[in-house]
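Geometric and topological summary
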Amino acid sequence: MTDLVEPKKVDIVYETEEPVRYEVIDSVAWITMNRPQFNNAQNGQMTYALDDAFNRAVQDDNVRAIVLAGEGKHFSAGHDIGTPGRDLHHEFDKRLMFPPHTNKPGAELLYTREQEQYLGMCRRWRDISKPTIAMVQGACVAGGLMLAWVCDLIVASEDAFFQDPVNPLMGIPGVEYFAHAYELPPRVAKEFLLLGERMPAARAYSFGMVNKVVPRAELREATAAWANKLAKQGRLGNWLTKQSVNHVEELRGKRAAMDAVYHMHHFAHAQNDIVTGNSIAGVSGTSAAAANKKDAGEG
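Structural notes, computed from the coordinates. Because the structure is a prediction, the values reported are computed rather than measured.

Regarding helix 6 (residues 186–195), the residues found buried are Val188, Ala189, Phe192 and Leu193. Considered in projection along helix 6, the buried side chains sweep an arc of 130° and stay on one side of the axis. Opposite the buried face of helix 6, by more than 90 degrees, sit the exposed residues Arg187, Lys190 and Leu194. On its buried face, helix 6 is in contact with helix 3 (143–149), strand 7 (161–163), helix 4 (166–170), helix 5 (180–183), strand 8 (199–200) and helix 7 (201–206).

What follows is about the sheet that holds strand 8. Each strand in a sheet pairs with another by means of backbone hydrogen bonds, the pair being arranged parallel or else antiparallel. Read across the open sheet, the 3 strands follow the order 5-7-8; overall the sheet is mixed. Because the sheet does not close on itself, it has two edges, and the strands there are strand 5 (139–141) and strand 8. As paired elements, strand 7 and strand 8 share 2 bridges and run antiparallel to each other. Paired with Phe161 across the bridge in strand 8 is Pro200.

Before going further, it helps to spend a moment on the sheet that holds strand 1 (residues 20–25). With mixed pairing, 6 strands are arranged side by side in an open sheet as 1-2-3-4-6-9. Each having just a single partner strand, strand 1 and strand 9 (212–214) make up the two edges of the open sheet. Across the sheet, the axes of successive neighbouring strands diverge by a mean angle of 20°, strand direction being ignored. Bridge count for strand 4 (residues 132–136) against strand 6 (residues 153–157) is 4 bridges, and the pairing is parallel. Of the residues in strand 6, the one forming a bridge with Ile133 is Leu153. Helix 1 (residues 44–59) rests against strand 1, strand 2 (28–33) and strand 3 (65–70) of the sheet, and its axis sits at about 15° to strand 1.

Counting 66 residues, the largest nonpolar core has Ile31, Leu50, Val136, Phe162 and Tyr177 as the members making the most contacts within it. No other element matches the 7 residues that helix 1 contributes to this core. Once residues within four sequence positions are removed from consideration, Val136 is found in contact with Phe75, Ala148, Ile154, Val155, Ala156, Ser157, Ala160, Phe162 and Leu219. Val28, Ile133, Met135 and Leu230 belong to the second-largest nonpolar core, a separate cluster that totals 15 residues.

Counted according to the given criterion, the structure contains 3 aromatic pairs. Here the aromatic rings of Tyr48 and Phe92 are separated by 4.7 Å at their centres, their planes lie at 15°, and the arrangement is stacked. A residue pair is termed long-range when its members are at least 10 positions apart, and Tyr48 in helix 1 and Phe92 in the loop between strand 3 and helix 2 (107–126) qualify at 44 residues. The exposure class assigned to Phe92 is buried, which follows from its relative accessible area of 17%.

Procedures and definitions
By convention here, each chain's residues receive numbers from 1 onward along its written sequence. The model is predicted, so local features are restricted to residues of pLDDT at least 70 and side-chain atom pairs to those at 80 or more, both for listing and for counting; the totals for chains, interfaces and linings are taken over all residues. Side-chain figures throughout are based on the complete set of non-hydrogen atoms in the structure, without hydrogens or water. Partly exposed describes any residue whose relative accessible area lies between the buried limit of under 20% and the exposed limit of over 50%, with all areas from a 1.4 Å probe on protein chains only and scaled to the type maximum. Where helices and strands are cited, they refer to DSSP runs of H or I of at least four residues and of E of at least two residues respectively, numbered from the N terminus. Picture the helix axis, draw a direction to every C-beta atom, and the arc is the one those directions span. Two residues qualify as a contact provided that any one of their heavy atoms is within 4.5 Å of a heavy atom in the partner residue. For two strands to be treated as a pair, DSSP must find at least two bridges joining them. Think of each axis as a best-fit line through the C-alpha atoms, taken over the contacting stretch in the case of a helix, with angles from 0 to 180 degrees between the N-to-C directions. The definition of a nonpolar core used throughout is a set of buried Ala, Val, Leu, Ile, Met, Phe, Trp, Tyr and Cys residues joined through side-chain atoms within 4.5 Å. A pair of aromatic rings is counted whenever rings of Phe, Tyr or Trp (Trp by its six-membered ring) have centres within 6.5 Å, and the orientation is called stacked for planes under 30 degrees apart, edge-to-face for over 60 and tilted otherwise.

The structure is reproduced here in structure tokens:
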């Protein structure tokens, strides 16, 4: 007798073999998400490619700073919930000492997968020893927030917006890397989560969630200027400075808060499964985008 299940067979069609591009310019590693036709929605293929790229930058002593970017109109539309490359049921070699997820029944499948691919990976990237900058344009939605928030600095274009609509859409209290109440004042974080509305870059800047806002045409130049400055500074000093601020966040309970909300997140997934027969309440990438545009008055 076993409590394991047969992994689900699904058709997965990757539109690219290079979901993440990597290049080093003047001691700065530029890591670029490369699924522009799907607004850089994050599937497992991209997540593990990001991990490879970050690790490559960390291991290269010639790299002194890292920029995370998204190709195309948007930084990232979040987790992949509906492209042909959605690979929920594909098993990747685990990086963080978690077991396989595809042979687990019920809620255990998502609980196991997301410990690695979402919460675990983000924590791993936050602790990178080199300074990181997120260069954000267009949409930074749900899972996109997690990628921007793990970076030390965020430079955004004037047309960028930030949003976590998973509560209105799915009844889930925010994405897995729950940094909302650390990135925003508590009452603003409640507004951000309860209403799920877009927050323009200028408003995010006013709360300190974004470090600099520039015209779209100046985004790369402004980001490169900061990255190049960081790359010329002392390696150990940059690392110790990162650790000092991250340590303060931990003393304020950031990790413990994320652990607690992660369980609430998966309780909501399980509730959706029971009530609707689907862990994300039947929401698809197409329906989520349509609802988002309608709520923003675009459709």
